[in-house]
Every structure is written in structure tokens, then in C-alpha cells.
Amino acid sequence: MRWPVLVLVLLALALQYPLWIGKGGWLRVWEVEKQLTAQKEGNRKLEQRNTGLEAEVRDLKTGYEAIEERARFELGLTKSDEIFVQTPQQK
């Protein structure tokens, strides 16, 4: 009577192996779900960045204020009637 029970337990374990560990098993599904979550978060951050860049491109195409602001802060340019004064920062 003990052999049939042992055989049935081993057969049940053999059938469970592909479900949990095999290709497409639950462990693989959980791993892929974690990767998918991380990828969605990365995509969300990139979409926010793209939205900001689109707004900046739209500003640059439609008005001169954005171009002037960029020239002032990034390139240090001034208008002809302005005087540039730079104060040292205290540390």
C-alpha cells in the first residue's frame, strides 16, 4: 500500500515542476512582471521628459522670449544697452 502512494506523490511533484520552475512557470511570470513594472516606470519618466521638451520646442518655435532667455542664461549674452554684473557666490 505504501508504493502506490509514493508513486502518486512523485507523479504529482513531477507535474508541478513545469508549473513552478519550468519555462513559462510562475517564477518566470513573476520575474517578467517585475521587469514590466520597472519598464513602465522608466517609460513614464521618459514621457514626462518628452512632454517638457515638446513644450520647450513649441516655445522656441513661436516666440523670441525662450530664445532670449536661453541666450542670457546658457551663453551669458546681453543686449547692447545692458551691463553684465556678476557677483561671487559665498560658500
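Residues numbered from 1 in each chain as written. Predicted model: local features only at pLDDT ≥ 70, side-chain atom pairs only at ≥ 80, totals over all residues. Heavy atoms only, no water.

### Describing the confidence of the model for the protein
- Taken residue by residue, the protein gives an average pLDDT of 85. The fraction at 70 or more is 99%.
- The element-level mean pLDDT for the protein is lowest in helix 3 (residues 65-75), coming to 80, with helix 2 (residues 26-62) highest at 92. (pLDDT = per-residue confidence, 0-100. Helix = DSSP H or I, 4+ residues; strand = E, 2+ residues; numbered from the N terminus.)

### Observations regarding the packing of aromatic side chains
- The final tally for this structure, using the stated rule, is 1 aromatic pair.
- Here the aromatic rings of Trp 26 and Trp 30 are separated by 6.4 Å at their centres, their planes lie at 35°, and the arrangement is tilted. Remark: Trp 30 and Trp 26 occur in helix 2; sequence separation between them is 4 residues, near one turn of the helix.
- According to the relative accessible area criterion, Trp 26 is partly exposed, its value standing at 40%. (Phe/Tyr/Trp six-rings, centres within 6.5 Å; stacked < 30°, edge-to-face > 60°. Buried < 20%, exposed > 50% of the residue type's maximum accessible area, 1.4 Å probe, protein only.)

### Some details on the environment of Gly 25
- Within the secondary structure layout, Gly 25 lies in the loop between helix 1 (2-20) and helix 2.
- What Gly 25 contacts, discounting residues up to four positions off in sequence, is Pro 18, Leu 19 and Trp 20. (Contact = heavy atoms within 4.5 Å.)

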